[in-house]
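Architecture and fold: a report
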Amino acid sequence: MRLLVTGGAGFIGSEFVRMTLRDHLEDSVIVLDKLTYAGNERNLDPVRVDPRFRFVKGDIADQSVVDPLASECDVIVNFAAESHVDRSLEAPGQFIMTDVYGTYVLLEAARSAGHERFLQVSTDEVYGDVADGRSREGDPLRPRSPYSASKAGGELLVQAYRASHGLPAIVTRGSNTYGWYQYPEKIIPLFITNALEDRPLPIYGDGSAVRDYIFVEDHCRGIDLALREGVPGEEYNIGAGQEISGTTVAETVLRLLDKPAALQQFVSDRPGHDRRYALDSSKLRALGWEPRVDFGKGMETTVAWYVEHREWWSPLKSGEFWEFYRRNYKPVGSGAP
Ligand code: NAD
Ligand code: TYD
């Protein structure tokens, strides 16, 4: 299979590329990535010398870049996205450009090239806040942030291309993912790197909001299975079924690094903060997938990786990172988002 992997220099996309080239010796991969603040070519160092791998810097919203690459491949796996909810609250325009318009450009390219598969990497956040039970694939999409609305918009275009043009497209909806090579803005890598620098761990609101965390390898094995064995036209949830609160993330990081509880800092809540995500992944499990790494083991592995790879994350926490940080995090009671 010749894969065009967009967003392959990011956190999950780079894991998927490394895994594909390791586990599918007959496959080749072209990565198309714009290298935004979250993209990092170093994530692809382990495969750089592989003759089956090629990197192209470019924007998925640019048809003149996408079309020729699509014509060299059999499938597109679309990881490219603006992916951080807090940034989508401040500046949603680029989310709509990449996550919605960019998906449209890729779908058109796949249609013209007559691709045998299109895999859209989506998120459990499209279901919105889940008060009870677990989201299933047929549930309505009720996104509540500009990020999740953009991802839902991308998904709806995928559905339209299936129905209108018979494009053999699959959607995966993964839950909150953590592990090595994650840019230190999402809660887990932020809290680990802050703790390593003896900085406070900013917990939104009362810290009770829950996420269904999954280790990055488990997420990528799920995407790989959906791509190869999934039924075109279907959606697949990918979640490990582990409900963990913000406070538990902070406590786990501090315990693993032997840092004081005093580093926990409660800050103003995120506007429109979804209280809970939880996935029912039995549809993908029926294809033979199951998560292999529980939260305890995954956190040990992840913390150890950040301890050993300071040279990877330390340069990322500079300049624009701190400018955004200062704008985003406000003391409790300030009334500001
Ligand atoms: P990330 O922010 O680490 O990486 C995104 C990558 O996309 C970066 O390399 C970036 O340079 C690239 N990119 C952004 N805009 C682009 C554009 N216009 N053209 C080409 N490349 C562009 O994100 P991630 O956490 O690895 O997430 C990857 C995908 O998985 C996203 O689609 C995201 O919505 C989805 N997802 C993420 C999570 C999670 O917890 N991180 C959970 C479920 C689904
Ligand atoms: P995040 O990692 O941003 O992922 P998402 O919003 O896409 O689920 O946030 C995960 C949870 O952690 C969410 O409930 C918000 C909370 N959180 C904090 O408490 N502090 C932080 O600094 C961040 C980034 C998130």
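What you see is a predicted model, and the numbers here were worked out from it, not measured in a lab.

Turning our attention to the site of ligand 2. Lining the immediate environment of ligand 2, one finds 20 residues, of which E125, R211, R270, H273 and Y329 sit closest. Taking R270, its side chain carries an N or O atom lying 2.5 Å from an oxygen atom of ligand 2. Contact with the protein chains covers 97% of the free accessible surface of ligand 2, which is 510 Å². Within the residue set of the shell around ligand 2, elements represented by two or more residues are α3 (85-90), α6 (187-196) and β8 (201-204). Two domains each put at least three residues into the shell around ligand 2: domain 1 (2-178 + 216-238) and domain 2 (187-210 + 241-272 + 294-328).

Our focus in this paragraph is the site of ligand 1. Lining the immediate environment of ligand 1, one finds 29 residues, of which I12, D33, S83, Y147 and K151 sit closest. Between Y147 and ligand 1, the recorded distance is 2.6 Å, taken from a side-chain N or O atom to an oxygen atom. In the model, an oxygen atom of ligand 1 is placed 2.9 Å from a nitrogen or oxygen of the T177 main chain. Relative to its unbound accessible surface of 840 Å², ligand 1 loses 97% to contact with the protein. Within the residue set of the shell around ligand 1, elements represented by two or more residues are α1 (11-23), β5 (117-123) and α5 (146-165). For the shell around ligand 1, the element with the highest residue contribution is β5, accounting for 3 residues. Each residue belonging to the shell around ligand 1 can be placed in one class, and the counts come to 11 nonpolar, 14 polar and 4 charged.

Let us now look at the environment of Q182. Within the secondary structure, Q182 is located in the loop between β7 (177-178) and α6. A relative accessible area of 5% means that Q182 is categorised as buried. For the pair Q182 and F118, spaced 64 residues apart in sequence, the C-alpha to C-alpha distance is 25 Å. Those residues in contact with Q182 that sit more than four places away from it in its chain are F11, T177, P189, Y306 and W312.

For the rest of this paragraph, the subject is the packing of helix α4 (residues 93-113) against α5. Think of two packed helices as two axes; the pair is described by the angle between the axes and how far apart they sit. Two elements in contact, α4 and α5, have axes whose closest approach is 8 Å; the angle formed by their N-to-C orientations is 20 degrees. Comparing the axis directions of α4 and α5 gives the class roughly parallel. The crossing of α4 and α5 is right-handed. Contacts from F95, I96, D99, V100, T103, Y104, L107, E108 and R111 in α4 reach Y147, S150, K151, G153, G154, L157, V158, Y161 and H165 in α5. Looking at the contact of α4 with α5 residue by residue, the classes come out as 9 nonpolar, 5 polar and 4 charged.

When helix α12 (residues 320-328) is considered as a whole, its buried residues turn out to be F321, W322, F324, Y325 and N328. The arc that holds every buried residue of α12, seen down its axis, measures 160 degrees, which confines them to one face. Buried residues belonging to α12 abut α3, α6 and β8.

Moving on, we come to the domain arrangement of the protein chain. Here the domain parsing of the protein chain yields domain 1 (2-178 + 216-238) and domain 2 (187-210 + 241-272 + 294-328). The interface of domain 1 with domain 2 comprises 12 residues on the first partner and 19 residues on the second. Both faces considered, domain 1 and domain 2 share a buried interface measuring about 1400 Å² in area, 44% of it formed by carbon and sulfur atoms. The largest per-residue losses of area from domain 1 upon contact with domain 2 belong to D86, R87 and Y178, which jointly make up 43% of the total buried on that side. At the boundary of domain 1 and domain 2, one finds 5 salt bridges.

Conventions used here
- Residues numbered from 1 in each chain as written.
- Chains lettered and ligands numbered in written order.
- Predicted model: local features only at pLDDT ≥ 70, side-chain atom pairs only at ≥ 80, totals over all residues.
- Heavy atoms only, no water.
- Near = heavy atom within 4 Å.
- Polar contact = N/O pair within 3.5 Å; in protein donor to acceptor, adjacent residues only side chain to side chain.
- Areas by Shrake-Rupley, 256 points an atom, 1.4 Å probe, with all protein chains shown as cover.
- Helix = DSSP H or I, 4+ residues; strand = E, 2+ residues; numbered from the N terminus.
- Domains from an automatic or database assignment.
- Nonpolar A, V, L, I, M, F, W, Y, C, P; charged D, E, K, R; others polar.
- Buried < 20%, exposed > 50% of the residue type's maximum accessible area, 1.4 Å probe, protein only.
- Contact = heavy atoms within 4.5 Å.
- Axes fitted to C-alpha atoms, helices over the stretch in contact; angles between N-to-C directions.
- Parallel < 35°, antiparallel > 145°, perpendicular 65-115°, else oblique.
- Left-handed = near helix turned anticlockwise from the far one by under 90°.
- Arc of directions from axis to C-beta.
- Buried area = accessible area lost by both parts, 1.4 Å probe.
- Salt bridge = Lys/Arg side-chain N within 4 Å of Asp/Glu carboxyl O.

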